[in-house]
Amino acid sequence: MVWTGENRSSFVGLYRSSYPIEAKPLRRVEFQSAGNAVWMIVAASVGENRPPRNMSAPYYVVAGKDWKPIHFNRDVIPGSVLDFSRRLDAPAGKYGPVVVCNGRFEFRDRPGKALRFYGTNICSAGPFVNRKWAERLADRMAQYGFNIFRLHHHDGGLGRKSPTYELDPFKVDQVDYLVYCLKQRGIYLTTDLYISRRLPAGEIPEYPGKLTDITAYKALFWVLDSVYENWKAHARNYLTHVNPYTKLAIKDDPVLVSINLVNEGNIKSCWSANAFTRKLYNERFEEWRRARKLSDGGNPGERNRQFERFLTETYEKRYAQMVEFVRSLGVRCPLSDQNMGATPKLSLMRRVYDYVDTHGYSSHPRFAQRSWQLPSLVTQKSAIAGQFAVPWHLASSRLLDKPFTVTEFDYSKPNRFRAEGPALIGAYAGLQGWDMLVQFAYSHGTENYQKEGHTRNHFDLSTDLVKSLAQRIGVALFSPMGIQPAAKGFAALISEQSEIPFDTNYNVELSLGQIARVGTLVVPRGAAAALPADTAAVIDIGTAFPRGGAGKLPVFSAAPGRKTLIQELIDAGHLEKGCYDAASGFYRSLGGAIELNRSKQTFRALSDVCEVLILPAGRKMSGAFLSAENKVGRAVLAAIAVDGKRLREADRILLLHLTDTQATKAKFASPEMEQLDGWGTTPFLAARGEAVVTLAPADGRDYRVYAVDTAGKRLGELKTVRAKEGKLTLPVRVFQPFGTVLAYELEAVVPAKK
């Protein structure tokens with residue numbers, strides 16, 4: 001196969017074939033058809049050697065025995081089993097602004113009750129819509145059960161062409177009305193003050209030409225006052241303008257939960273964006289050294305240490321200026337910055353923030369040729385089976401005395417296991433007691449959610465059916481009645497006065513976060529750590545450990561290279577026996593709500609209102625309410641109480657049976673699906689899956705079971721079978737006689753009282 005293509009009716013290819021010929025003179029070569037085929041021969045030749053095979057046939061996802069069409073309804077029927085809007089407490093802001101208390105977010109006028117926010121990003125041109133679409137988009141967000149949205153990559157759209165920090169009244173009005181619509185439905189806001197605003201030539205006088213490289217803008221921001229003043233002008237205009245629909249400036253509106261000052265602006269990651277920024281930083285570094293009369297003595301290590309100190313001091317000076325400025329405008333919501341990465345150095349620098357924010361991805365796409373264009377390279381592995389950063393390795397970077405948010409997470413398309421993502425991060429974020437999860441993203445631009453037929457984008461829920469449905473699992477597990485924080489925690493301590501290299505990492509052994517709460521505390525010199533009351537022990541990560549910081553608590557080492565931390569905690573009685581097995585990769589959380597087995601690739605999360613089982617074909621798993629034997633395909637099975645009651649007593653339950661979805665004719669380089677070459681078209685296709693589900697309702701209860709489509713419309717009724725001990729069994733299949741099905745509605749039939 002040397003070339004492939006497709007037309008409206010079929011797939012086409014150019015094959016290279018070779019045939020042996022006898023070693024004698026040739027007079028002619030004649031090709032004859034088999035009688036039922038048409039040959040189009042491009043060229044023919046003869047030679048002494050057999051040509052090598054250098055290309056395999058592409059793999060297309062098409063309807064057949066393993067894939068069936070399914071329609072993706074982006075609008076859910078109000079009141080249907082897929083409508084989670086009843087979970088919201090509208091309007092947003094009714095309890096006053098969000099404040100930080102005892103390391104958690106809570107409402108000022110509802111003290112003592114920690115908050116949990118779960119939502120998505122709306123990016124680029126996505127929020128710039130007319131009023132009809134603003135209402136419709138807000139309804140969609142509410143129907144997911146999202147109570148937070150993040151305005152992102154929108155700052156360029158808010159401004160005029162020049163100067164970009166002046167607001168475009170028409171665009172601002174569009175965003176204002178969307179914020180108003182979301183607020184009325186009980187959905188809060190988080191955002192950043194710089195993301196991707198691109199500047200024309202001359203707006204930054206020192207910079208040659210247009211400043212369209214956003215990484216360069218971030219680099220210059222820390223060292224050029226002109227860029228800082230540009231940022232201030234935009235921030236002032238945006239934060240202080242009055243929304244005519246809410247009658248409030250966004251800075252005064254309790255709908256605003258938090259602000260990150262510069263998105264992914266970590267100074268270490270951006271300073272060398274291009275030749276101009278590298279030259280500028282080296283000049284400023286030499287000025288800094290001369291002012292301090294420093295010499296490196298020709299030692300590259302010492303020079304690097306000084307440069308990292310220069311970066312740290314430069315950043316901290318500018319951060320203090322940013323906070324002072326934003327507070328001078330009257331902004332009172334919590335502030336954060338450097339929302340990318342999870343290292344001890346970042347933990348040390350984040351000690352001055354009101355809360356910690358970070359980002360994390362599983363199977364983030366890589367690009368074979370040009371950035372953000374196909375072909376893309378994908379990892380076809382389950383996060384359960386490997387040491388992926390999301391969610392476990394994020395846990396160590398949480399500062400235990402501050403709220404913790406993840407404003408970008410995703411398990412990206414076309415990874416076949418991505419339906420697992422919301423269950424994994426929702427469960428472990430609940431166990432850790434985090435404060436906010438924001439999936440990236442609902443949509444980049446408007447076409448992906450306004451028009452049928454769009455299948456593009458690795459991240460967008462609006463073009464990914466299975467990931468869209470799976471968000472309801474994350475919403476339920478991270479809800480106040482979902483997975484509860486572990487009863488015991490472990491704290492990594494670092495000294496406030498230490499110099500930690502930027503490239504120092506937390507030990508992977510802090511996967512302890514799959515069992516108990518973990519996090520970091522920065523300890524002032526000469527003081528004991530202000531540890532949470534339920535801290536069982538202290539962890540030394542192998543760098544910057546504060547002497548005397550642990551007080552009377554035992555200290556365990558998680559220095560790089562050590563792989564025995566969890567077993568040592570078990571041996572010391574701080575963790576339950578049986579909660580961990582290194583050989584199989586088995587982890588059970590304290591209290592038993594979550595179990596994960598890497599070798600079996602299984603996962604279980606149990607809460608009062610949601611139970612989830614993830615298992616490959618041939619495996620069985622049991623929960624308190626939901627059990628399953630999976631027959632065909634990898635399955636994410638979830639039972640969610642729609643009415644907020646405990647599952648066994650719920651009158652209405654959503655049952656999800658998720659496999660995978662891909663677009664018709666999605667093109668991959670091989671059946672392994674590790675290189676995506678073409679997005680494909682609608683209709684979407686769902687992968688085959690079959691399982692037998694067992695339910696354990698309250699005594700005497702039965703259910704009327706309806707297969708529903710992706711809008712929540714009932715398609716047909718299925719029958720349960722009464723099993724032992726009052727349990728009910730239900731066979732579920734993605735390919736049903738009345739259509740392709742990923743969701744079911746269970747309506748309780750309660751026996752009459754005698």
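Chemist: Would you mind going over the pairing of strand β40 (residues 728-733) in detail, with residue names and values included?
Modeler: Only one face of β40 is covered, namely the face carrying Leu728, Leu730 and Val732; the face carrying Thr729, Pro731 and Arg733 is uncovered. Relative to β40, strand β36 (residues 690-695) is paired through 6 bridges, and the arrangement is antiparallel. Bridging across to β40, Ala691 finds its partner in Val732. Two elements, strand β39 (residues 721-722) and β40, share 2 bridges in a ladder whose sense is antiparallel. By the bridge assignment, Arg722 is partnered in β40 with Leu728. Counted along the chain from β39 to the antiparallel partner β40, the turn is 5 residues long, and its residue Glu725 has a positive phi close to 60°.

Chemist: Outline the packing of aromatic side chains, listing residues and values.
Modeler: One pass over the full model with this rule turns up 41 aromatic pairs. On the basis of an interplanar angle of 70° and a centroid distance of 5.4 Å, the ring pair of Phe221 and Trp231 is categorised as edge-to-face. Remark: Trp231 occurs in helix α5 (residues 225-240) and Phe221 occurs in helix α4 (residues 214-221); sequence separation between them is 10 residues. Side by side, Phe221 and Trp231 carry an identical accessibility label, which is buried. Look at Phe285 and Trp288: their rings are 6.1 Å apart centre to centre, the planes differ by 25°, and that puts the pair in the stacked class.

Chemist: Describe the pattern of salt bridges, listing the residues and the values that go with them.
Modeler: Across all of its chains, the model carries 51 salt bridges by this definition. Of the charged contacts in the structure, one is a salt bridge between Glu499 and Arg305, with a shortest N-O distance of 2.9 Å. Of this pair, Glu499 sits in the loop between β19 (489-495) and β20 (517-523) while Arg305 sits in helix α8 (residues 300-328), and the two are 194 residues apart along the sequence. Residue classification places Arg305 among the partly exposed positions, given a relative accessible area of 35%. As a salt-bridge pair, Asp354 and Arg327 come within 2.8 Å of each other at their nearest N and O atoms. Note that Asp354 is positioned in the loop between α9 (344-349) and β14 (356-362) and Arg327 in helix α8, a separation of 27 residues in sequence. Given a relative accessible area of 28%, Asp354 falls into the partly exposed group. For Arg327, a relative accessible area of 24% puts it in the partly exposed group. Overlapping salt bridges, with partners in common, bring together Asp410, Arg418, Asp464, Lys467 and Asp660 in one network.

Chemist: Describe the sheet that holds strand β43 (residues 743-749), with residues and values.
Modeler: Sheet strands line up and pair through hydrogen bonds in the backbone, either parallel or antiparallel. In spatial order, the strands read β23-β24-β25-β26-β27-β30-β31-β43-β37-β38; together these 10 strands make up an open sheet with antiparallel pairing. The strands lining the two open edges of the sheet, one partner per strand, are β23 (580-581) and β38 (714-718). Sheet topology places strand β26 (residues 602-606) next to strand β27 (residues 610-615); 4 bridges connect them, and they run antiparallel. Bridge pairing in β27 places Leu606 opposite Glu611. Against the sheet, helix α10 (residues 421-432) engages β25 (594-597), β26 and β27, with an angle of about 50° to β26. Across the sheet, helix α12 (residues 465-477) lies against β26, β27, β30 (635-641) and β31 (652-658), angled at about 130° from β31, the strand it touches most.

Chemist: Which residues make up the state of the cysteines, and what values do they have?
Modeler: Disulfide: a covalent bond connecting the sulfur atoms of a pair of cysteines. Taken as a whole and assessed by the stated rule, the structure comprises 0 disulfides. With no disulfide of its own, Cys181 lies 19 Å from the sulfur of Cys123, the closest cysteine sulfur. Here Cys181 falls in the buried class, since its relative accessible area comes to 1%.

Chemist: Let's hear about the environment of Lys631: which residues, and what values?
Modeler: Here Lys631 lies in strand β29 (residues 626-632). Those residues within four positions of Lys631 in sequence are excluded, and the remaining contacts are Ala617, Gly618, Glu690, Ala691 and Val692. At 3.2 Å, the side chain of Lys631 forms a polar contact with the side chain of Glu629.

Rules of the game
Residues numbered from 1 in each chain as written. Predicted model: local features only at pLDDT ≥ 70, side-chain atom pairs only at ≥ 80, totals over all residues. Heavy atoms only, no water. Buried < 20%, exposed > 50% of the residue type's maximum accessible area, 1.4 Å probe, protein only. Helix = DSSP H or I, 4+ residues; strand = E, 2+ residues; numbered from the N terminus. Pairing = 2+ DSSP bridges. Phe/Tyr/Trp six-rings, centres within 6.5 Å; stacked < 30°, edge-to-face > 60°. Salt bridge = Lys/Arg side-chain N within 4 Å of Asp/Glu carboxyl O. Contact = heavy atoms within 4.5 Å. Axes fitted to C-alpha atoms, helices over the stretch in contact; angles between N-to-C directions. Disulfide = S-S within 2.5 Å. Polar contact = N/O pair within 3.5 Å; in protein donor to acceptor, adjacent residues only side chain to side chain.

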